[in-house]
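These are the residues of each chain, in order.
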Amino acid sequence: MIDRKALRTDASAMEEALKKRGEDVVAPDSTWKKSLTLDAQQRQLKSESEKLQAERNKVSKIIGLKKKNGEDASAELQSMAEVGKQTKLLDIKAKEAEVAFNLALLETPNIPHESVPDGQDESDNAEIRRWGSPRTDTVPAHWDIGEDLGILDFDAGVKLAGSRFSVLKGAGARMERALIQFMLDKHADVHGYEEVWVPVIANRKTMTGTGQLPKFEDDLYRLEGEDAFLIPTAEVPVTNLYQDMILDATQLPIKHCAHTSCFRREAGSAGRDTRGMIRQHQFDKVELVQLVHPDQALTALDDLLSHAAAILEALELPYRLVNLCAGDLGFSAEKTFDLEVWLPSQNTYREISSCSSFGQFQGRRAGIRFREEGGKPQAVATINGSGLAIGRTMVAILENYWQADGSVNIPLALQPYMAGLQKIQTKPTA
RNA sequence: GGAGAGAUGUCAGAGUGGCCGAAUGAGCACGCUUGGAAAGCGUGUGUACAGCAAUGUACCGAGGGUUCGAAUCCCUCUCUCUCCGCCA
């Protein structure tokens, strides 16, 4: 969440910044305006209540003393009974204001970093650079390539679980595993991330810590009868590993990579990418997470971005780097770079990794703090990104490595992970 | 799934209604001592909110209740541990 103190000292600047991402900061009942008034209200009520409590504590002590000495304290008792009632009333009001304030603040998105370009949506994103030379010949869609090779089975996915699920077979399943292995090795051995393995179920607090809740509950799979959810990304459990901790400044930066399955209801994307493996309810992803000193956030973002890009380059997949405009920024992000891989069948670049700096937004929510020598605890900055989405990487390989005879070559870097297999071919029909 | 025990500060651990934000010990920091170290001695050592500050308020797993007053009494929940059952 955004800094509560800054809310008071810097409100107008924040308002301007939030406006850029399309947030309503004008309407009196907007989350933003509500948080401003509730903040003032809450502090007012609390301060009144605290005054009464100080009075009560003082007199209560006197009552204790008097009783001990066998003196009469009925006058004090009576007046305190009244004070007690008033305090209780004020406390209830203050609590209400605080709960409402917290909700408003938890639903307020992050402030875009000043280096984020203006713009309303995807079309205003700024392309930074391109890598590789995209093929321009006609290539079938990955679902046709995969089904023809017998490595992708969408009907089976539908039968087992429903739409937006798929089944991988043979070399397809093997490639899924190989990609996970390949990416984790690279990040753990070369890029300096400590590998972690985490639960794919997270409770409400954890989901709130990284920003998925309270606002986006509809996008999550919730477990029946429990206040727990399937994770939409490993960012959630990995970042929250440090929830409610005060770290020592010398421990930073902390860098973790993890592979998990990810689960998304795709509630708002009915009709988009319904065919194929681009948008599934369940997919594998290797995630990169860094916890850093707030001064290092943007440097770390570049660092992490280079690690994600290194995977695409190792697999020799053409991509471009895009700087998301303010209007296209995710809820918790202060700045985001997307890596988009070339998909020849669609003749376009499609997102395969999203690398963001969250500033101290998640650190504040999740209570992840650090202390510098002799200083007060302050929230860490968090950075994360996909490194990469496995399913989309496979899609990119199928299409970019497709050969006119229907076969698909295996990227050189991946061959060792596939028992030296160089090419996926149709099984000769008997 | 069944039965029992427990949750206190960095850690260990005391505390059953006021003198408790919390004994004691350990750890850590600083100082004294020492040729140096150990020991010893002394001082300090949580977080959050409000305030320029003095200070005030809250926090003893979480939430609620009783009371003038709760770490302490009552209720609900969560988690941990032990035993039994089941099990990759």
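Quick note: structure is the one above.
Residues numbered from 1 in each chain as written. Chains lettered and ligands numbered in written order. Predicted model: local features only at pLDDT ≥ 70, side-chain atom pairs only at ≥ 80, totals over all residues. Heavy atoms only, no water.

Draft legend 1. Quick look at the pairing of strand β9 (residues 282-292). With 10 of 11 residues buried, β9 is to be regarded as a mostly interior element. As paired elements, β9 and strand β15 (residues 381-389) share seven bridges and run antiparallel to each other. The partner of V292 across the bridge, within β15, is A381. (Buried < 20%, exposed > 50% of the residue type's maximum accessible area, 1.4 Å probe, protein only. Helix = DSSP H or I, 4+ residues; strand = E, 2+ residues; numbered from the N terminus. Pairing = 2+ DSSP bridges.)

Draft legend 2. Layout of helix α7 (residues 171-190). Here α7 spans 27 Å end to end across 20 residues, near enough to the 28 Å set by a 1.5 Å rise per residue. Looking only at α7, the buried set comprises A171, G172, M175, E176, A178, L179, I180, F182, M183, L184 and H187. A positive backbone phi angle near 80° is found at G192, which sits one or two residues after α7. (Expected span 1.5 Å × (residues − 1).)

Draft legend 3. Representation of the nonpolar core within the structure. Within the largest apolar cluster, 58 residues are counted, with the highest numbers of intra-cluster contacts made by M175, L179, L339 and L414. The element best represented in this core is helix α10 (residues 297-314), accounting for nine residues. Each residue touching L179, except ones within four places of it in the same chain, is listed here: L315, I390, T393, M394, I397 and L414. (Core = buried A, V, L, I, M, F, W, Y, C linked by side-chain atoms within 4.5 Å. Contact = heavy atoms within 4.5 Å.)

Draft legend 4. Main features of the pattern of salt bridges. Throughout the structure, instances matching the rule amount to 22 salt bridges. A salt bridge links K19 to E16, with the shortest nitrogen-to-oxygen separation between them at 3.2 Å. Here the residue K19 and the residue E16 both occupy positions in helix α2 (residues 11-20), the gap between them amounting to three residues, near one helical turn. The exposure class of K19 is partly exposed, given its relative accessible area of 42%. The exposure class of E16 is partly exposed, given its relative accessible area of 45%. A salt bridge links E217 to R222, with the nearest nitrogen and oxygen atoms 3.7 Å apart. Residue classification places R222 among the partly exposed residues on the basis of a relative accessible area of 46%. Salt bridges sharing partners connect three or more residues here, namely R4, R8, D39 and R43. (Salt bridge = Lys/Arg side-chain N within 4 Å of Asp/Glu carboxyl O.)

Draft legend 5. Focus on the sheet that holds strand β4 (residues 194-196). Strand order in the open sheet made by the eight strands is β1-β10-β11-β12-β15-β9-β8-β4, with mixed pairing throughout. What marks the edges here is a single partner per strand, and that holds for β1 (126-131) and β4. Across the sheet, the mean angle from the axis of one strand to that of its neighbour is 25°, orientation sign disregarded. Sheet strands touched by α7: β4, β8 (254-263), β9 and β15. Its angle to β9, the strand with the most contacts, is close to 10°. The strands that α10 touches are β1, β8, β9, β10 (319-323), β11 (335-343), β12 (348-357) and β15; relative to β15, the one it contacts most, it runs at about 5°. (Axes fitted to C-alpha atoms, helices over the stretch in contact; angles between N-to-C directions.)

Draft legend 6. Structural detail: the protein's contact with RNA strand B. Taken together, 21 residues form the shell around RNA strand B, and within it R8, S60, L77, R369 and R371 come nearest. Near the protein, within 4 Å, the atoms of RNA strand B are sugar or phosphate in 63% of cases. K67 places a side-chain nitrogen or oxygen 3.4 Å from a base nitrogen of RNA strand B. Contact distances for RNA strand B include 3.4 Å between a phosphate oxygen and a side-chain N or O atom of K88. (Near = heavy atom within 4 Å. Polar contact = N/O pair within 3.5 Å; in protein donor to acceptor, adjacent residues only side chain to side chain.)

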